[in-house]
Amino acid sequence: MEFRKKLKLRLLAACLYVIIGAVLIAVSAAGLSRNEQIMAFGIVFVIVGFVRCVRYFQVTKNEETIHAVEVAENDERNVMIMVKARSLTFSLFIMLAGVVMIVLYLLDQSFAAQIIAYTICAFSLLYYICYQII
């Protein structure tokens, strides 16, 4: 039953996404913010939350699908693939961000390059902290 609780928490988080999206849309529609991106973020939150809600409602319908998802998530091979994919994603992001930062400095866009440099530092610091914890 532990996995069933985990799925219910995910369902609750998905419903929270829909609520956050609706609030963002309402803020944008009411004219409380002059930022056009808030409406887009709200729409994305609503769509992602709705899709996740539908997915978790389907999964929690019967014990067979719950068991199948649990096996898929806890299978050692799938876990190894997920860990390697995250590791590769992190490495690629750091390398691409470094290249973009250098190009931006060469194009005299130092403010944008500085933001990317801070992002690289933040990711590296988070990695180091997580590494020490684990």
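Just so we're clear, the structure is a prediction, and the values are computed from it rather than from any experiment.

A. View of the pattern of salt bridges. The tally for this structure, following the rule as stated, stands at two salt bridges. When the shortest N-O distance is used, the salt bridge between Glu73 and Arg10 registers 2.6 Å. Of this pair, Glu73 sits in helix 3 (residues 63-74) while Arg10 sits in helix 1 (residues 2-29), and the two are 63 residues apart along the sequence. Of the residues examined, Glu73 reaches a relative accessible area of 24% and is grouped as partly exposed.

B. Spotlight on the state of the cysteines. Per the stated rule, a full pass over the model turns up zero disulfides. The thiol of Cys130 is unpaired, and the distance to the nearest cysteine sulfur, on Cys121, comes to 16 Å.

C. Molecular detail of the nonpolar core. Core analysis: the biggest nonpolar cluster contains nine residues, these being Phe3, Leu7, Leu11, Ala14, Cys53, Tyr56, Val59, Ile66 and Val69. Of all elements in the fold, only helix 1, helix 2 (37-59) and helix 3 reach the threshold of two or more residues within this core. If one sorts the elements of this core by residue count, helix 1 sits on top with four residues. Every residue in contact with Val69, bar those within four places of it in the chain, is listed here: Phe3, Arg55 and Val59.

D. View of helix 4 (residues 76-106). With 31 residues, helix 4 should cover 45 Å at 1.5 Å per step; its first-to-last C-alpha distance of 45 Å lies within 8% of that length. Turning to helix 4, its buried residues are Ile94, Ala97, Gly98, Met101 and Leu104. Structurally, helix 4 contributes buried residues whose contacts are with helix 5 (110-133).

E. Molecular detail of the side chain of Ser28. Considering the arrangement of structural elements, one finds Ser28 in helix 1. The class for Ser28 is buried, based on a relative accessible area of 18%. Each residue touching Ser28, except ones within four places of it in the same chain, is listed here: Ile38 and Met39.

F. Here's a closer look at the layout of surface pockets. The volume enclosed by the largest pocket comes to roughly 150 Å³. Lining the largest pocket, in full, are Ser87, Phe90, Ser91, Phe123, Leu126, Tyr127 and Cys130. For the lining of the largest pocket, the secondary-structure elements that each account for two or more residues are helix 4 and helix 5. No other element matches the four residues that helix 5 contributes to the lining of the largest pocket. A breakdown of the residues in the lining of the largest pocket according to their chemical character gives five nonpolar, two polar and no charged.

Cut-offs and rules
Residues numbered from 1 in each chain as written. Predicted model: local features only at pLDDT ≥ 70, side-chain atom pairs only at ≥ 80, totals over all residues. Heavy atoms only, no water. Salt bridge = Lys/Arg side-chain N within 4 Å of Asp/Glu carboxyl O. Helix = DSSP H or I, 4+ residues; strand = E, 2+ residues; numbered from the N terminus. Buried < 20%, exposed > 50% of the residue type's maximum accessible area, 1.4 Å probe, protein only. Disulfide = S-S within 2.5 Å. Core = buried A, V, L, I, M, F, W, Y, C linked by side-chain atoms within 4.5 Å. Contact = heavy atoms within 4.5 Å. Expected span 1.5 Å × (residues − 1). 1 Å grid on protein atoms, 1.4 Å probe; cavity = no way out; pocket = protein on both sides within 12 Å on 5 of 7 lines; lining within 4 Å. Points joined across faces, edges and corners; volume = space filled by probe spheres on them. Nonpolar A, V, L, I, M, F, W, Y, C, P; charged D, E, K, R; others polar.

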